[in-house]
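As a plain string of letters, each chain reads:
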Amino acid sequence: MHSTESKVHHQRWVHEYFIKRFFRIAPLFYFIILFELARQALFGGVVEDFSSILLNLTFTFGFVPFSGFVWGGWSVGVEMIFYAIFPVLILLIRTHRFALVFLVISVIVSYSVQSALHAQHLATIPQPKWDWSYFSFGSNISFFAMGLYAYRVSHLLDKDSRRVRWVIPFVAILLIGSLMFFDLGKLLRSSGRLDILVWGFGLSALCIWQSLSPSCLVANKIFELLGERSFSIYLVHPIVITALSKGPLVTIYGALSAHLGAYAFFVCAALVIPVVLVFAEFTYRLIEVSGINLGRRLITQGRKS
């Protein structure tokens with residue numbers, strides 16, 4: 001919203017928007033697809049069929065149960081579908097009131113879809129290992145609506161107002177703290193995953209708060225650097241963790257757990273994170289940045305033509 005809304009009056013804004021989104025996401029995602037297909041062919045013994053590959057290449061696997069095969073890549077299938085409809089939403093949802101209406105409708109839709117798909121999961125024999133209700137686009141549309149609403153609300157509030165200084169921080173801390181340290185999530189857990197929706201509201205309040213009154217704990221150079229590389233970190237970390245867990249990581253955890261118990265996890269995490277960041281730096285610089293620059297060149301050429 002922040003980077004796109006100011007450009008909606010430009011003649012080529014939709015065209016340029018899709019170029020930016022595609023070349024920001026697709027190059028690295030396609031690279032991981034090739035990596036996974038090669039891994040399956042060389043070590044897994046099973047290679048995805050053509051329909052599954054096509055769904056992943058077109059980013060439509062968020063509509064089809066269990067067709068995404070990039071590790072942890074299910075969220076990309078959800079995000080890209082939202083990006084496809086975003087130009088329509090940004091033109092329709094121009095006010096706080098419309099954003100609120102869209103939010104209410106999307107929460108009802110997400111809860112209903114999640115409940116229906118979860119019931120289907122329970123009724124399926126044999127029952128799949130994963131519950132598709134968690135991964136589908138319909139179950140997650142509400143979180144994008146929360147982002148739109150948070151953006152509209154943040155433009156209505158004065159950063160020095162009482163609501164920004166006290167009310168919104170209180171709501172964010174109350175919801176997130178109750179979910180993290182108490183049993184609120186267990187109390188709210190249902191077939192429609194009301195607990196996950198509450199997570200969304202808590203994080204939305206956090207976004208509003210920090211967008212208007214950023215803390216140095218959040219808005220700093222280190223987090224900015226990690227944010228720029230977050231897509232690489234997200235797609236690389238399952239591969240690194242899986243590779244390490246088949247060798248040294250298990251040995252280290254076993255040795256430490258005898259003395260530290262569950263706290264051995266944090267030691268292993270501290271060892272894994274630097275490795276993830278090193279690999280993510282390579283994919284970011286070699287693939288992501290190259291894709292972003294290619295998209296920029298295409299936009300520049302289009303403006304000249």
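Let me sum up the structure you'll find in this document. As the structure is a prediction and not an experimental result, all values here were calculated from the model.

Criteria and cut-off values
Sequence order sets the numbering: in each chain, residues are counted from 1 along the sequence as written. This being a predicted model, a pLDDT of at least 70 is required before a residue's local features are given, and a value of 80 or more before pairs of side-chain atoms are given or counted; all residues contribute to the totals for chains, interfaces and linings. Calculated side-chain values reflect all of the structure's heavy atoms, with hydrogen atoms and water omitted. To define a nonpolar core, start from buried Ala, Val, Leu, Ile, Met, Phe, Trp, Tyr and Cys residues and group those joined through side-chain atoms within 4.5 Å. Only protein chains enter the accessibility calculation, which uses a 1.4 Å probe; a residue is then buried when its area is under 20% of its type maximum, exposed when over 50%, and partly exposed in between. Only DSSP runs of H or I with at least four residues qualify as helices, and only runs of E with at least two residues qualify as strands; both kinds are numbered from the N terminus onward. What makes two residues a contact is simply this: any of their non-hydrogen atoms within 4.5 Å. Multiplying 1.5 Å by the helix residue count minus one yields the expected span of that helix. A side-chain nitrogen of Lys or Arg and a carboxyl oxygen of Asp or Glu constitute a salt bridge if their distance falls within 4 Å. Here, patches come from residues exposed beyond 30% relative accessible area and free of salt bridges, joined within 9 Å for like charges and within 5 Å for nonpolar side chains (Val, Leu, Ile, Met, Phe, Trp, Tyr). Using a 1.4 Å probe, accessible areas were evaluated by the Shrake-Rupley method; residue-level cover was limited to the displayed protein chains. Each Phe, Tyr or Trp ring, with Trp reduced to its six-membered ring, pairs with another whose centre is within 6.5 Å; inter-plane angles below 30 degrees give stacked pairs, above 60 give edge-to-face pairs, and intermediate values give tilted ones. Here, a charge over a ring is recorded when the distance from Lys NZ or Arg CZ to the ring centre is within 6 Å and its angle to the ring normal is within 35 degrees.

## A short note on the nonpolar core
- Formed by 50 residues in total, the largest nonpolar core has its most connected members in Phe-29 and Phe-82.
- Listing elements by their share of this core, those giving two or more residues are α1 (13-44), α3 (74-92), α4 (96-123), α5 (137-154), α6 (162-181), α8 (194-212) and α10 (230-245).
- Discounting chain neighbours no more than four positions away, the residues touching Phe-82 are Leu-89, Phe-137, Ile-141, Phe-144 and Leu-148.
- Of all hydrophobic cores here, the second largest spans 6 residues; its members include Val-240, Leu-249, Cys-268 and Val-272.

## Thoughts on the environment of Ser-191
- In this structure, Ser-191 sits in the loop between α7 (184-188) and α8.
- With a relative accessible area of 32%, Ser-191 lands in the partly exposed category.
- Separated by 72 residues in the primary sequence, Ser-191 and Ala-119 place their C-alpha atoms 7.4 Å from one another.

## Looking at unusual backbone geometry
- Looking along the chain, the bond that leaves Ile-125 and enters Pro-126 is cis, with omega of -5°.
- As for its placement among the helices and strands, Pro-126 is situated in the loop between α4 and α5.
- Look at Phe-66: it is not a glycine, yet its phi comes out positive at around 55°.
- The partly exposed category is assigned to Phe-66, whose relative accessible area is 42%.
- One non-glycine residue, Arg-193, adopts positive backbone phi at about 55°.

## Re α6
- Compared with an ideal rise of 1.5 Å per residue, which puts 20 residues at 28 Å, α6 spans 27 Å between its outermost C-alpha atoms and is within 8% of the ideal.
- Turning to α6, its buried residues number three or more, namely Val-164, Ile-168, Pro-169, Ala-172, Ile-176, Gly-177, Ser-178 and Leu-179.
- Buried residues along α6 sit against α7 and α8.

## Quick word on the pattern of salt bridges
- A complete count under the given rule lists 9 salt bridges for this structure.
- Between Arg-303 and Glu-16 there is a salt bridge, with its nearest N and O atoms 2.8 Å apart. Taken together, the residues span a long stretch of sequence, with Arg-303 in helix α12 (residues 264-304) and Glu-16 in helix α1 at a distance of 287 residues.
- Of the charged contacts, one joins Arg-229 and Glu-228 as a salt bridge, the two residues approaching to 3.3 Å between their closest N and O atoms.

## Topic: a nonpolar patch on the surface
- A contiguous nonpolar patch, built from Ile-252, Tyr-253, Leu-260, Tyr-263, Phe-265, Phe-266, Val-267 and Leu-271 and spanning about 780 Å² of accessible area, is present on the exposed surface.
- Ranked by residues supplied to the nonpolar patch, first place goes to α12 with 4 residues.
- Within the secondary structure, Phe-265 is located in helix α12.

## Brief notes about the packing of aromatic side chains
- Tallied over the full model, the rule gives 17 aromatic pairs.
- The interplanar angle of 50° and the centroid separation of 5.9 Å between the aromatic rings of Phe-82 and Phe-86 together place this pair among those described as tilted. In this pair, Phe-82 and Phe-86 are both assigned in helix α3, 4 residues apart and thus about one turn of the helix distant.
- By relative accessible area, which is 6% here, Phe-82 ends up buried.
- Put simply, the rings of Tyr-17, Phe-18, Phe-82, Tyr-83, Phe-86 and Phe-144 pair up and form one aromatic cluster.
- The ring centre of Tyr-83 lies 4.9 Å from the NZ or CZ of Arg-21, which sits over that ring.

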